[in-house]
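Coordinate inspection notes
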Amino acid sequence: TPAKKLTYSVIVAEGMTLKGVKALLVTDTMTYQISFKSFNEKFDSFKPAFDTLLASFKLPKPAGSPDAVNENLPSETFTSFDHTMFSMSYPENFDNSFPAKRGNILYSVLFSGFRKDCTIQIDVLPSQNLSVEKVFEQNKVNYANTKRTSETTIGGLKAMFIDYSPMAQINSRAYFLVQGDKVFRVTLNWFQPEQANYLPIFERAVATLKLK
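Here we summarise the structure given alongside this text. Note that the structure is a prediction, hence the values are computed from the model and not measured. (Residues numbered from 1 in each chain as written. Predicted model: local features only at pLDDT ≥ 70, side-chain atom pairs only at ≥ 80, totals over all residues. Heavy atoms only, no water.)

1. Observations concerning helix H2 (residues 132–139)
Heads up, the rule is: Relative accessibility decides the category of a residue: with a 1.4 Å probe and only protein chains considered, values under 20% of the type maximum give buried, values over 50% give exposed, and everything between is partly exposed. Strands here mean DSSP runs of E at least two residues long; helices mean DSSP runs of H or I at least four residues long; both are numbered from the N terminus. This arc corresponds to the set of directions leading from the helix axis out to the C-beta atoms. In this description, contact between two residues means that some pair of their heavy atoms is separated by no more than 4.5 Å.
Residues Val 132, Val 135, Phe 136 and Asn 139 constitute the buried set of H2. Down the axis of H2, the sector holding all buried residues measures 95 degrees, keeping them to one side. Where H2 is buried, its residues touch strand S9 (146–154), strand S10 (157–167), strand S11 (170–179) and strand S12 (182–191).

Here you go:
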């Protein structure tokens, strides 16, 4: 698709120049602008990455196309998140963010996509030398509208989980694992009418969790 590209340079202070490039393309129904900017020599260092991104850009397929993909749903292609305490793969069209710590939480990361009521969150807490059974017993009373409790294995470790519904049309699941002096709590939330699209992908992500 034909597009216009503008490269510019602006002196913003002594010894500091803002450099940028914008690509603009127009379709029948949408306008797309892709831009990159940086200061001084960093522009030249990072521009090859921008050029690669721009070259890979593809317009979405029209709605109703037989091979169109609903990009609002979690991708079946995964990317990796690696931390000093654990690693996990998650849908590549999800972002990760870091909720503010509260209580005795040591670390927290949230994975979310288009729907902000469909998320995966991992919280790390101190185990106080308790077994996973004891941790689960102490915590399950905090979950309202419990549907079931069960256990499974994640990364070779025993995990116990609880299915519950925190509010109308939202289903959730909380897994608990213990390794050493830490509890790993994995919370899944999904919009109940979209369960078939979200839960299998979320379960695949959890299955890749490895504690370190």
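2. As for the environment of Val 132
Within the fold, Val 132 resides in helix H2. Relative accessible area serves as the criterion here: at 10%, Val 132 is assigned to the buried category. Along the primary structure Val 132 and Thr 84 are separated by 48 residues, whereas in three dimensions their C-alpha atoms are 21 Å apart.

3. A closer look at unusual backbone geometry
If a residue is not glycine, its phi is most likely negative; likewise, a peptide bond is most likely trans. Backbone geometry places Asn 40, a non-glycine residue, at a positive phi of 50 degrees. In this fold, Asn 40 is placed in the loop between strand S3 (31–39) and helix H1 (41–56). The class of Asn 40 is partly exposed, set by a relative accessible area of 25%. Unusually for a residue other than glycine, Gln 169 sits at a positive phi of about 70 degrees. Mapping Gln 169 onto the fold places it in the loop between S10 and S11. Relative accessible area serves as the criterion here: at 48%, Gln 169 is assigned to the partly exposed category.

4. What about the pattern of salt bridges?
In plain terms, the rule: By salt bridge we mean one thing: a side-chain nitrogen of Lys or Arg within 4 Å of a carboxyl oxygen of Asp or Glu.
Within the structure shown, the criterion is met by 11 salt bridges. In this structure, Asp 117 engages Arg 115 in a salt bridge whose closest nitrogen and oxygen atoms are separated by 2.7 Å. You can call Asp 117 partly exposed: its relative accessible area is 24%. In this structure, the salt-bridge partner of Arg 148 is Asp 163, at a minimum N-O distance of 2.8 Å. Of this pair, Arg 148 sits in strand S9 while Asp 163 sits in strand S10, and the two are 15 residues apart along the sequence. Under the relative-accessibility criterion, Arg 148 is labelled partly exposed at 41%. Judged by relative accessible area, which is 9%, Asp 163 ranks as buried. A network of salt bridges, in which partner residues are shared, links Arg 148, Asp 163, Arg 173 and Glu 203.

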